[in-house]
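A closer look at the structure
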Amino acid sequence: MNQFLESINSFFTGGDQLPWCSPDIIAGCEKEVAEASNDASDEAKSEGIMRLSWALVHSRQPEDVQRGIAMLEASLVNTSSPLQKREKLYLLAVGYYRSGDFPKSRMLLEQALEIAPDWNQALSLKKAIEDRITKDGVIGIGITATAVGLIAGGIAAALIRKN
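The paragraphs below set out a description of the structure included in this document. Please read these numbers as outputs of a predicted model, since none were measured by experiment.

What follows covers the overall build of the protein chain. In terms of regular secondary structure, the protein chain is built from 7 helices and 0 strands. For the protein chain, the α and β elements follow one another from N to C terminus as α-α-α-α-α-α-α. When burial is assessed residue by residue, the protein chain has 29% of its 163 residues classed as buried. Nonlocal contacts in the protein chain, meaning residues at least 24 apart in sequence, comprise 56% of its contacts between residues at least 6 apart. Here the protein chain has roughly 10,400 Å² of accessible surface; of this, 58% comes from carbon and sulfur atoms.

In structure tokens, the structure reads:
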């Protein structure tokens, strides 16, 4: 019975296994980036920005997620390493997933999986996206069927009253 209730809850909440990031961690990453911009090497700056981007796209605050997406998109252009490109594409996919843009998230994951086809983390997120798209479709069909039923019932009631 408990598993049944968990599966229902998972259906309505999305059921993904992505971690959330607290505002304290984001603040720490922002401080690290600010300190690195003063006197650190380019590599240290880049690593700090990646950590901050990770924290932002895993935030519960939509404005943080959007900021993380913007940072990642800006830095993706200058990425030459396939490993870094894969990581940024994945984090962008997480950001778009958190924002509800599932088709864009799936497209970014497919690009990441072209670089690393067996990457379990990306494959898990892709499954979560596909499950979410399916769930949204099922809910949409249910709403449409309910609306059609209500309209048909209203018409039938009107016809019965008329006679």
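Attention now moves to the packing of helix 5 (residues 82-99) against helix 6 (residues 102-115). Where helix 5 contacts helix 6, the axes come no closer than 8 Å and their chain directions differ by 160°. Taken together, the axes of helix 5 and helix 6 are roughly antiparallel relative to one another. Crossing handedness for the pair helix 5 and helix 6: left-handed. Between helix 5 and helix 6, the contacting residues are Pro-82, Lys-85, Arg-86, Leu-89, Tyr-90, Leu-92, Ala-93, Tyr-96 and Tyr-97 on the first element and Phe-102, Lys-104, Ser-105, Leu-108, Leu-109, Gln-111, Ala-112 and Ile-115 on the second.

To continue, consider the packing of aromatic side chains. With the rule as written, the count across this model stands at 2 aromatic pairs. Seen in terms of ring centroids, Tyr-90 and Trp-119 are 5.0 Å apart; in terms of plane orientation they differ by 55°. Their pairing is tilted. Of the two residues, Tyr-90 is situated in helix 5 and Trp-119 in the loop between helix 6 and helix 7 (120-162); the sequence distance between them amounts to 29 residues. Here Tyr-90 matches Trp-119 in class, with each residue buried. One Lys or Arg, Arg-86, reaches over the ring of Trp-119 and ends 3.9 Å from the middle of that ring. The ring of Trp-20 carries Arg-98 above its face, with NZ or CZ at 3.6 Å from the centroid.

Before going further, it helps to examine the environment of Arg-60. Structurally, the position occupied by Arg-60 is in the loop between helix 3 (42-57) and helix 4 (62-76). Along the sequence, Arg-60 and Cys-21 sit 39 residues apart, while their C-alpha atoms lie 7.2 Å from each other. If we skip the residues at most four places from it in the chain, Arg-60 touches Trp-20 and Cys-21.

The end-to-end C-alpha distance of helix 4, which contains 15 residues, comes to 21 Å, matching closely the 21 Å that a straight helix rising 1.5 Å per residue would cover. Of all the positions in helix 4, only Asp-64, Val-65, Gly-68, Ile-69, Leu-72 and Ser-75 are classed as buried. Here the buried residues of helix 4 occupy an arc of 140° about the axis, which is enough to place them on one side. Away from its buried face by more than 90 degrees, helix 4 exposes Pro-62, Glu-63 and Ala-74. Packed against the buried residues of helix 4 are helix 2 (23-39), helix 3 and helix 5.

Turning next to the nonpolar core. If you look at soluble globular proteins, the nonpolar side chains tend to sit buried side by side. One finds Tyr-90, Tyr-97, Leu-109, Trp-119 and Leu-125 to be the most contacted residues of the largest nonpolar core, which totals 24 residues. Those elements giving two or more residues to this core turn out to be helix 4, helix 5, helix 6 and helix 7. The element contributing the most residues to this core is helix 5, with 8 residues. Not counting the four nearest positions on each side in its chain, Leu-109 is found in contact with Tyr-90, Ala-93, Ala-122, Leu-125, Lys-126 and Ile-129. Judged by nonpolar contacts, the second largest core, of 7 residues, contains Cys-21, Ile-26, Val-33 and Ala-55.

What counts and how
As a convention, each chain's residues are numbered from 1 in the sequence order in which they are written. This being a predicted model, a pLDDT of at least 70 is required before a residue's local features are given, and a value of 80 or more before pairs of side-chain atoms are given or counted; all residues contribute to the totals for chains, interfaces and linings. The basis for every side-chain value is the complete set of non-hydrogen atoms in the structure, without hydrogens or water. Working definition: helices are DSSP H or I runs of at least four residues, strands are E runs of at least two. Numbering for both runs from the N terminus. For every residue, the accessible area obtained with a 1.4 Å probe (protein chains only) is divided by the maximum for its type, and the residue is called buried under 20%, exposed over 50%, and partly exposed between those limits. Note on contacts: a residue pair is in contact if any heavy atoms of the two residues lie within 4.5 Å. The Shrake-Rupley method, run with a 1.4 Å probe, gives the accessible areas here. Residue values count only the displayed protein chains as cover. Only the stretch in contact is used when fitting a helix axis, every axis being a line fitted to C-alpha atoms; angles between N-to-C directions are given from 0 to 180 degrees. Should an angle fall under 35 degrees it is called roughly parallel, over 145 degrees roughly antiparallel, and 65 to 115 degrees roughly perpendicular, with every other angle called oblique. By the definition used in this description, the sense in which the near helix is turned from the far one sets the handedness, with an anticlockwise turn below a right angle giving left-handed and a clockwise turn giving right-handed. Note on aromatic pairs: the rings of Phe, Tyr and Trp (six-membered ring only in Trp) are paired at centre separations within 6.5 Å, and the planes decide the class, stacked below 30 degrees, edge-to-face beyond 60, tilted for the rest. Here, a charge over a ring is recorded when the distance from Lys NZ or Arg CZ to the ring centre is within 6 Å and its angle to the ring normal is within 35 degrees. One less than the number of residues in a helix, times 1.5 Å, gives the span that helix is expected to have. Throughout, the arc means the angular range of directions from the helix axis out to the C-beta atoms. Among buried residues, the Ala, Val, Leu, Ile, Met, Phe, Trp, Tyr and Cys ones that are joined through side-chain atoms within 4.5 Å form a nonpolar core.

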